[in-house]
Structures are given as C-alpha cells and as structure tokens.
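Letter by letter, the chains look like this.
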Amino acid sequence: MTGDSVVRIVVPPGWGRVTDPVPGVALLMAAPRRPATGVLPSMAVAAAPLSPGRTRAAYLEGLRAELTARLDDADVEDEDSFEVDGGPVDYLRVAHRDDERHLISEVWVWLADGRAWSVCGTLDRRDYADFCDVFEEVAATFDPERSHPAHPAA
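This write-up is about the structure you can find in this document. (Residues numbered from 1 in each chain as written. Predicted model: local features only at pLDDT ≥ 70, side-chain atom pairs only at ≥ 80, totals over all residues. Heavy atoms only, no water.)

Attention shifts here to the overall build of the protein. Per the secondary structure count, the protein includes 2 helices and 7 strands. Element order for the protein, N to C, with α for helix and β for strand: β-β-β-α-β-β-β-β-α. Taking the principal axes of the C-alpha coordinates as reference, the protein spans close to 45 × 30 × 30 Å. Buried residues in the protein amount to 42% of all 154 residues. Expressed as a percentage of contacts within the protein between residues at least 6 apart in sequence, the contacts between residues at least 24 apart total 47%. Of the roughly 8,400 Å² of accessible surface on the protein, 50% is carried by carbon and sulfur atoms. Taking the 15 positively charged and 27 negatively charged side chains of the protein as two groups, their mean positions are separated by 4 Å. (Helix = DSSP H or I, 4+ residues; strand = E, 2+ residues; numbered from the N terminus. Buried < 20%, exposed > 50% of the residue type's maximum accessible area, 1.4 Å probe, protein only. Contact = heavy atoms within 4.5 Å. Areas by Shrake-Rupley, 256 points an atom, 1.4 Å probe, with all protein chains shown as cover. Lys, Arg positive; Asp, Glu negative; His and termini not counted. Charge placed at Lys NZ, Arg CZ, Asp CG, Glu CD.)

Scanning the model with the defined rule gives 9 salt bridges in all. R93 serves as the salt-bridge partner of E77, at 3.1 Å between the closest nitrogen and oxygen. One end of the pair, E77, is in strand 4 (residues 72–84); the other, R93, is in strand 5 (residues 87–98), with 16 residues separating them in the sequence. Residue classification places E77 among the partly exposed residues on the basis of a relative accessible area of 32%. Of the charged contacts in the structure, one is a salt bridge between R125 and E77, with a shortest N-O distance of 2.4 Å. Here R125 is found in the loop between strand 7 (115–124) and helix 2 (128–140), whereas its partner E77 is found in strand 4, with 48 residues between them in sequence. Accessibility expressed as a relative area gives 38% for R125, which makes it partly exposed. Counted as one network, the salt bridges with shared partners bring together E77, D78, R93 and R125. (Salt bridge = Lys/Arg side-chain N within 4 Å of Asp/Glu carboxyl O.)

Here the focus is the layout of surface pockets. Quantified by volume, the largest pocket comes out at close to 670 Å³. As for the largest pocket, its lining consists of 27 residues, of which E66, L67, R70, S118 and C120 are closest to the centre. Elements represented by at least two residues in the lining of the largest pocket include exactly strand 3 (42–49), helix 1 (56–70), strand 5, strand 6 (101–112) and strand 7. Residue composition of the lining of the largest pocket, by class: 15 nonpolar, 6 polar and 6 charged. (1 Å grid on protein atoms, 1.4 Å probe; cavity = no way out; pocket = protein on both sides within 12 Å on 5 of 7 lines; lining within 4 Å. Points joined across faces, edges and corners; volume = space filled by probe spheres on them. Nonpolar A, V, L, I, M, F, W, Y, C, P; charged D, E, K, R; others polar.)

Here it is in structure tokens:
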C-alpha cells in the first residue's frame, strides 16, 4: 500500500515533494530549480527494519560499507554522532561520483521503534556551500518518534 507514510519533517519552502516514491523511501523532496551545475539538490527520508539486537555501531558499519560499495568512487569524508532533542543521531558525509559529476551526500541516521531512519541530501559538490545549511536545518526537524513508513517494520 503506497501513500501511507507519515514523515514529520519541515520541507523547505518551494521544494517539491513525493510521498512513497519507491519502497523504503517515505519521502523525496527536491529544490525548485536546478543550479548551473545541472544536479538538482534533493533529500530523501527512508526507513528500514532494524534487526533485533543490532547495535548502533554495527548498523553504522553496515551503512558505511553499503554506501561505499554502491556509490561510484565513494569516500566517507566526515562522521559524527550527537544528540537532537535528547536522542542520538549519527551523521555521514560521503563524496562520490555519477559519471563525470562529483557529488556529496549527507546522511543523518536515527534508530527508533525497531527502524533505522535516514535523512539523506545529495547534490553536486560545487553547490555544497549553497545547500549544506539547508540540508542540516531540514534534518534537524525530523521526528522519528512521530513518523511511520507505509510498510511498518516487521
């Protein structure tokens, strides 16, 4: 059943949004205009079932491995862990390529209610300075406790 996801996050003014565009992605949002670089800045909110007993460290290690294996020429440039509204959040910034384009993806991760939630923003490296604050501000508004995906975790 599609269209059931509830994602508690602030979408930037003017950005387009699509709920449940593909399985596992609860929300996709994109900037209203494509910058001169040709890459439309976008953000996605995804949820995946979290295996019982899986630790935060193990989940993040698996995520790092998946990203670096799946993305062309991937390199984790930055990692951090911090608290937002009293809950732990993990962050990764990954440089990668798409054909000749050099991209940056920022990923924030919450583990809540048996799910791993991620908020990911992707853009051309040359646009990073123009959008990194937007990505961070949007991610800071995400509420995993009041969000739920279309297909609940088993």
